[in-house]
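Spelled out from the first residue to the last, the chains are:
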Amino acid sequence: MKKKKNEKERLRDMLADSEFSIKGQCAISLLLTKLDIINTVLLIDSGRNVIQMKNGRMKSYESVCKKMQKKGLELNFETAVEKLNDLIGVRAICAYVDDIYRVAELVEKQKDIRIIKEKDYIKEPKKSGYQSLHLILEIAIAFQNGTQWIKMELQLRTAAMDYWANLDHQLRYKKGKKEAELIDEELRQCAEVIGNLDRKMLEIRKKIDKI
Ligand code: 0O2
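Structure report, in brief. (Residues numbered from 1 in each chain as written. Predicted model: local features only at pLDDT ≥ 70, side-chain atom pairs only at ≥ 80, totals over all residues. Heavy atoms only, no water.)

Here we look at the site of the ligand
How we decide: What makes a residue near a molecule or strand is one non-hydrogen atom of that residue sitting within 4 Å of it. Nitrogen and oxygen atoms within 3.5 Å of one another constitute a polar contact, given that in protein one can donate a hydrogen and the other can accept it, and given that sequence-neighbouring residues count only through two side-chain atoms. For this classification, the nonpolar set comprises Ala, Val, Leu, Ile, Met, Phe, Trp, Tyr, Cys and Pro, the charged set comprises Asp, Glu, Lys and Arg, and every other residue, Gly included, is treated as polar.
As a structural note, the neighbourhood of the ligand is formed by 16 residues, with K59, K119, K126, S128 and D168 the closest of them. A165 has a polar backbone atom sitting 3.0 Å from a nitrogen atom of the ligand. The side chain of D168 places a nitrogen or oxygen atom 2.6 Å from a nitrogen atom of the ligand. Within the shell around the ligand, the residues separate by chemical class into 3 nonpolar, 4 polar and 9 charged.

Written out as structure tokens, the structure is:
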């Protein structure tokens, strides 16, 4: 019992204030800078900002505990680092769906990034309707005692996908089991509308590109 409590305390401390969290912040800064450069490269090519917004975060202790409990994992720091891909995360909002894949392609080409896994929830949305492209990757950072590869998740999505995901997230906390089924179906329908909207906007942009 005492050991479990200590493990939980250690998990909280390691996520908040430790070498791990400092290195995580470095990984976030590095990936955000890389995305800035990628945006500039694509701006030169297309004459518009392809990445409209981006941010990074270390996953909170509460959110880590919730996710680990949901997955039936023991609450300790080593298991969290091994099993959760998004302890360190960056999200970038792109203008159009095809921009997402252009950005992903350039991320994948970086010499100091290796892709561990790609989850394409745009081609195959989740049952909930959720859409985004997730890249689970490792990024190399040169520290005093050598280079370390740090695992993190990059989520790429359009503003419409982001709008849906944020409201879905909010509503999910509020809804009880009873309402869940009805709301799930409504949210799925909204996700479809959003998918269609993104496709339509892309069609319009392509028409304008041709003129
Ligand atoms: P939070 O609170 O948003 O951070 P694995 O299945 O083990 O490969 P994971 O991470 O469980 O890995 O799988 P997944 O499904 O790729 O989910 C990763 C993240 O995507 C989630 O993190 C959410 O941020 C987001 N996500 C996935 N599905 C949904 C969804 O239906 N609605 C919304 N709003 N977001 C979703 P967390 O930690 O689960 O959640």
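Remarks on the nonpolar core
What tends to happen in soluble globular proteins is that the nonpolar side chains get buried as a cluster. Keep this limit in mind: For the purposes of this section, nonpolar cores are sets of buried Ala, Val, Leu, Ile, Met, Phe, Trp, Tyr and Cys residues that join through side-chain atoms within 4.5 Å. The rule is simple: take the accessible area with a 1.4 Å probe, protein chains only, and divide by the maximum for that residue type; under 20% is buried, over 50% is exposed, in between is partly exposed. Helix and strand definitions here come from DSSP, where helices need a minimum of 4 consecutive H or I residues and strands a minimum of 2 consecutive E residues; each element is numbered from the N-terminal end. Contacts: residue pairs with any heavy atoms within 4.5 Å of one another.
Counting residues in each nonpolar core, the largest one holds 43 residues, and the members touching the most others are L11, I88, V103, V107, M152, L154 and L156. Take this core: its biggest share by element is 7 residues, from helix α2 (residues 19-46). Those residues within four positions of M152 in sequence are excluded, and the remaining contacts are A27, I28, L31, N85, I88, V90, L135, I136, L137 and I139. With 8 residues, the next largest nonpolar core counts Y121, W164, A191 and I194 among its residues.

Brief notes about the packing of α2 against helix α5 (residues 97-108)
To keep things clear, this is the line we draw: A fitted line through C-alpha atoms represents every axis, and for helices the fit uses only the stretch in contact; the resulting angles, taken between N-to-C directions, go from 0 to 180 degrees. Any angle that falls under 35 degrees is termed roughly parallel, while one over 145 is termed roughly antiparallel, one within 65 to 115 roughly perpendicular, and all others oblique. By definition, any crossing whose near helix is turned counterclockwise from its far helix by less than a right angle is left-handed, and any crossing with a clockwise turn is right-handed.
Between α2 and α5, the shortest axis-to-axis distance is 10 Å and the interhelical angle comes to 125 degrees. With respect to α5, the element α2 is oriented oblique. When you trace α2 past α5, the crossing you get is right-handed. For the pair α2 and α5, the contacting residues are L35, I38, V41, L42, D45 and S46 in the first and R102, V103, L106 and V107 in the second. Here the residues of the contact of α2 with α5 are counted per class, giving 7 nonpolar, 1 polar and 2 charged.

Describing the sheet that holds strand β2 (residues 88-94)
Rules: Note: two strands are recorded as paired if DSSP finds a minimum of 2 bridges between them.
If you walk across this open sheet you meet the 5 strands as β1-β2-β5-β4-β3, and the pairing is mixed. Edge strands, defined here as strands with exactly one partner in the open sheet, are β1 (51-58) and β3 (113-120). Put simply, the sheet's adjacent strands are angled 25 degrees from each other on average, direction ignored. Together, β1, β2, β3, β4 (133-143) and β5 (146-158) form the strand contacts of α2, whose direction differs from that of β1 by roughly 170 degrees.

Concerning a nonpolar patch on the surface
What counts is decided by this rule: To count toward a patch, a residue needs a relative accessible area over 30% and no salt bridge; like charges are then connected within 9 Å, while nonpolar side chains (Val, Leu, Ile, Met, Phe, Trp, Tyr) are connected within 5 Å. All accessible-area figures derive from a Shrake-Rupley calculation using a 1.4 Å probe, and residue coverage is judged against the displayed protein chains alone. Think of a salt bridge as a Lys or Arg side-chain nitrogen and an Asp or Glu carboxyl oxygen that are within 4 Å of each other.
A cluster of nonpolar side chains, L197, M201, I204, I208 and I211, forms an exposed patch at the surface whose accessible area comes to about 540 Å². Relative to the elements of secondary structure, I211 occurs in the segment after α7 (177-210).

What about the pairing of β4?
With 9 of 11 residues buried, β4 is to be regarded as a mostly interior element. Sheet topology places β4 next to β5; 11 bridges connect them, and they run antiparallel. Its bridge partner lying in β5, I139 is registered against I150. Here β4 hands over to β5 after 2 residues, the two strands then running antiparallel side by side.

Describing the pattern of salt bridges
Scanning the model with the defined rule gives 20 salt bridges in all. For K34, the salt bridge identified is with D112, shortest N-O distance 2.9 Å. Remark: D112 occurs in the loop between α5 and β3 and K34 occurs in helix α2; sequence separation between them is 78 residues. Owing to a relative accessible area of 12%, K34 belongs among the buried residues under this scheme. For the salt bridge of R205 with D209, the shortest nitrogen-to-oxygen distance reads 3.1 Å.

What about the side chain of S21?
If you trace the backbone, S21 turns up in helix α2. Classification of S21 as buried rests on a relative accessible area of 6%. Here S18 takes part through its backbone nitrogen, which lies 2.9 Å from a polar atom of the side chain of S21. Each residue touching S21, except ones within four places of it in the same chain, is listed here: M14, L15, A16 and M58.

Quick look at the environment of I22
Position of I22 relative to the elements: it lies in helix α2. Taking the C-alpha atoms as reference points, I22 and M58, 36 residues apart in sequence, are found 9.9 Å from one another.

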